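Results of the structural survey
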Amino acid sequence: MVSEDCLFCRIVRGEIPADIVAEDDRWLAFRDIQPQAPVHVLVIPREHVESVGSLSTDDGGLAGELMLAAAEVARIEGVAESGFRVVTNVGERAGQSVFHLHVHVLGGRRMRWPPG
Ligand code: DGP
């Protein structure tokens, strides 16, 4: 997909509003529009990457920054101590519906395992 048409690229560019929780020069964290838990925030890279499956060996720094951002979001949202889940879906069969890499940060309720 061309990034001009990508929903999350449009959020990065400010063309679509989002409830931003935190941001850095490389990533953006905003509330999910269909929350699955009291805390449900998406962390995305500003640059267009389709999924974890399309990261290259050069993207290790970015991948680490997204994990650190997820932990920062958990602290900001007050779930760092009570527990939270960090998950990223890769491919339609795994539940990915937006093909711009995003990390879900979920918390504020008990999580079940395994996920459905
Ligand atoms: P996934 O299914 O893993 O690709 O997650 C995509 C998430 O994106 C899903 O939980 C709903 C959310 N989402 C879809 N469109 C929008 C939007 O326009 N704004 C926001 N904030 N979230 C969106």
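For the structure, see preceding data.
The sections below set out a description of the structure shown in this document. (Residues numbered from 1 in each chain as written. Predicted model: local features only at pLDDT ≥ 70, side-chain atom pairs only at ≥ 80, totals over all residues. Heavy atoms only, no water.)

Let's shift gears to the pattern of salt bridges. Should their charged atoms come close, side chains of opposite charge can pair. Under the criterion given, the structure shown has 6 salt bridges. For E15, the salt bridge goes to R10, with nearest N and O atoms at 3.1 Å. The exposure class assigned to E15 is partly exposed, which follows from its relative accessible area of 42%. The salt bridge involving R13 is made with E15; its shortest N-O contact spans 2.8 Å. Assessed through its relative accessible area of 39%, R13 is described here as partly exposed. (Salt bridge = Lys/Arg side-chain N within 4 Å of Asp/Glu carboxyl O. Buried < 20%, exposed > 50% of the residue type's maximum accessible area, 1.4 Å probe, protein only.)

As summarised here, the arrangement of the 5 strands in space is 1-2-3-5-4, forming an open sheet in which the pairing is antiparallel. At either margin of the open sheet sits one strand with a lone partner, and together these are strand 1 (20–23) and strand 4 (84–87). Shown here is a sheet whose adjacent strand axes are inclined to one another by a mean of 20 degrees, direction ignored. Inspection of the sheet shows strand 3 (residues 39–45) paired to strand 5 (residues 103–107) by 5 bridges, in the antiparallel sense. Its bridge partner lying in strand 5, V39 is registered against G107. (Pairing = 2+ DSSP bridges. Helix = DSSP H or I, 4+ residues; strand = E, 2+ residues; numbered from the N terminus. Axes fitted to C-alpha atoms, helices over the stretch in contact; angles between N-to-C directions.)

Looking now at helix 2 (residues 60–76). Look at helix 2: 24 Å from first C-alpha to last across 17 residues, which is about the 24 Å you get at 1.5 Å a residue. For helix 2, the full list of buried residues reads L62, L66, A69, A70, V73 and A74. Within helix 2, the buried residues cover an arc of 140 degrees as seen down the axis, which keeps them to one side. Residues of helix 2 that are exposed and point over 90 degrees away from its buried face: L68 and R75. Summarising the contacts, the buried residues of helix 2 are in contact with strand 2 (27–31), strand 3, strand 4 and strand 5. Following helix 2 by one or two positions, G78 has its phi on the positive side, about 80 degrees. (Expected span 1.5 Å × (residues − 1). Arc of directions from axis to C-beta. Contact = heavy atoms within 4.5 Å.)

Formed by 18 residues in total, the largest nonpolar core has its most connected members in W27, A29, V41, V43, L66, V73 and V105. Mapped onto this core, the elements with two or more residues apiece are strand 1, strand 2, strand 3, helix 2 and strand 5. When residues of this core are assigned to their parent elements, the largest contribution, 6 residues, is made by helix 2. Contacts of L66, omitting those with residues within four sequence positions, involve W27, V43, I44, P45, L101 and V103. Counting 9 residues, the second largest nonpolar core, distinct from the first, contains C6, C9, L28 and F30. (Core = buried A, V, L, I, M, F, W, Y, C linked by side-chain atoms within 4.5 Å.)

These values are about where atoms sit, not about what they do.
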